[in-house]
2 protein chains.
Amino acid sequence: MNKEGILIVICGPSGVGKGTICKEFLGENRDIKLSVSATTRMPRTGEVDGISYHFLGTGQFEEMVKNGEFIEYARVYDNYYGTPKAEVLKSLKNGEDVLLEIDIQGAMQVKCSYPEAVFVFILPPSLRELRDRIVKRGSETEESLKLRFGSAYEEICKIENFDYFVVNDDVEKAVMQLDCIMMAEKNRVLRNKENILRKFREEI
Amino acid sequence: MNKEGILIVICGPSGVGKGTICKEFLGENRDIKLSVSATTRMPRTGEVDGISYHFLGTGQFEEMVKNGEFIEYARVYDNYYGTPKAEVLKSLKNGEDVLLEIDIQGAMQVKCSYPEAVFVFILPPSLRELRDRIVKRGSETEESLKLRFGSAYEEICKIENFDYFVVNDDVEKAVMQLDCIMMAEKNRVLRNKENILRKFREEI
């Protein structure tokens, strides 16, 4: 009975394991599309244009911003990152579900322009565990650790803007909870009322 | 992280198979309590007081109504039926989830007094299928069939007051969807915000 696809927005503090969860979640749900972000930063080795990112020139990106062609975008240091609107809306119209893995600021922009999206916040089991995970990745200097970990608590405090939380103490369990959230959202009356009423009215 | 239990209210037109679904759902989720209704009608053979129903005298029932001791109640012909408030609220306070299988009128009363409940509407695959199911049960006269089936469409039109719908074309699938709805609701930020923020604040 569903017509329009569901936009699911996944956020969480740096190091919480969003990437792993999203990868597993998409692996199990091949019908959910991952939105490809646009950026003005240079491609790194192995990154493919249109798959890893849409690599754009700064002028091109700013033109798109001016034309309102992003659902959300941000400038991080010298580079822009953003989610092109057209692609996402086209998939949703076609009944395809779309996943955005973005930062909290971006999520709040999406909430303004597309409030019917489902907003999920990934939580660490504890702050201590989050810190340990970041340290274990080993690629952090004391400086970048401070930068990445320092804002975690402030970010968690923004959870009230989200619909659901998922604690990442076990990836498999976290993915299962995401599956349930998507299934429950597909069973929301709000998303299906018109279709349901039309279907039964036609039988009268 | 959950403290208070979740009240799940399950409704649907007569003959849709609510009873079967609820039985299977409770069988799989032994930690969800089925609320025992009160009634003034006489016990039928095999019915046990306190398990099938709380069997009350009319005076006693009316006294409880006067004291606001029901979450919902209704008079059907000569008998009262209702859900005693104290028992349900006590279970919820203790963190136990509670299921109410009641009619739509009752559900709307619950919504007034306990809006944080989860309201689920069970739909038939089609009106034709619903009619066939009622007829197949065989216990219906033409008169009672009219009575039971006649209001089905009007009842379905009240679906906008509900949070979720579940189509009963396959009991196992319907129960799985109820499981997901409960799990998703347990992951709602709205139900857990205070606990989440307290937990992380304590770590700072």
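For clarity, every value in this text was computed on a predicted model and none was experimentally measured.

Criteria and thresholds
- Residues numbered from 1 in each chain as written.
- Chains lettered and ligands numbered in written order.
- Predicted model: local features only at pLDDT ≥ 70, side-chain atom pairs only at ≥ 80, totals over all residues.
- Heavy atoms only, no water.
- Helix = DSSP H or I, 4+ residues; strand = E, 2+ residues; numbered from the N terminus.
- Contact = heavy atoms within 4.5 Å.
- Disulfide = S-S within 2.5 Å.
- Buried < 20%, exposed > 50% of the residue type's maximum accessible area, 1.4 Å probe, protein only.
- Buried area = accessible area lost by both parts, 1.4 Å probe.
- Salt bridge = Lys/Arg side-chain N within 4 Å of Asp/Glu carboxyl O.
- Polar contact = N/O pair within 3.5 Å; in protein donor to acceptor, adjacent residues only side chain to side chain.

1. Re the side chain of A:Ser37
Link 1 in the chain: Here A:Ser37 lies in the loop between strand 2 (32-34) and strand 3 (38-39).
Link 2 in the chain: If we ignore the near neighbours within four places in the chain, the residues touching A:Ser37 are A:Tyr53, A:His54, A:Gly82, A:Thr83 and A:Pro84.

2. Focus: the environment of B:Glu129
Link 1 in the chain: Within the secondary structure layout, B:Glu129 lies in helix 5 (residues 127-137).
Link 2 in the chain: In the structure, B:Glu129 is positioned 114 residues away from B:Gly15 in sequence and 9.9 Å away in space, judged by C-alpha atoms.

3. So, the state of the cysteines
Residues and elements named next belong to chain B.
Link 1 in the chain: Per the stated rule, a full pass over the model turns up 0 disulfides over all chains.
Link 2 in the chain: Summary of cysteine pairing: Cys-11 is not part of a disulfide, and the nearest cysteine sulfur, belonging to Cys-22, is at 9.5 Å.
Link 3 in the chain: Judged by its relative accessible area of 2%, Cys-22 falls in the buried class.

4. Section: the interface of chain A and chain B
Link 1 in the chain: Contact residues are listed per partner, giving 38 residues for chain A and 38 residues for chain B.
Link 2 in the chain: Interface of chain A and chain B: buried area, both sides summed, is about 3,400 Å²; carbon and sulfur atoms make up 72% of it.
Link 3 in the chain: It is A:Phe165, A:Asn187 and A:Phe200 that lose the most area in chain A upon contact with chain B, and together they represent 20% of the buried surface on that side.
Link 4 in the chain: Summed over the shared surface of chain A and chain B, the result is 4 salt bridges.
Link 5 in the chain: Linking A:Glu160 and B:Lys193 is a salt bridge whose minimum nitrogen-to-oxygen distance equals 3.4 Å.
Link 6 in the chain: At the surface where chain A touches chain B, the tally comes to 16 residue pairs in polar contact (both at pLDDT 80 or more).
Link 7 in the chain: Of all the elements in the fold, those that place two or more residues in the side of chain A that touches chain B are helix 5 (127-137), helix 7 (152-156), strand 9 (164-167), helix 8 (171-186) and helix 9 (189-201) of chain A.

So, to be careful, I would describe these as geometric facts and stop short of saying anything about function.
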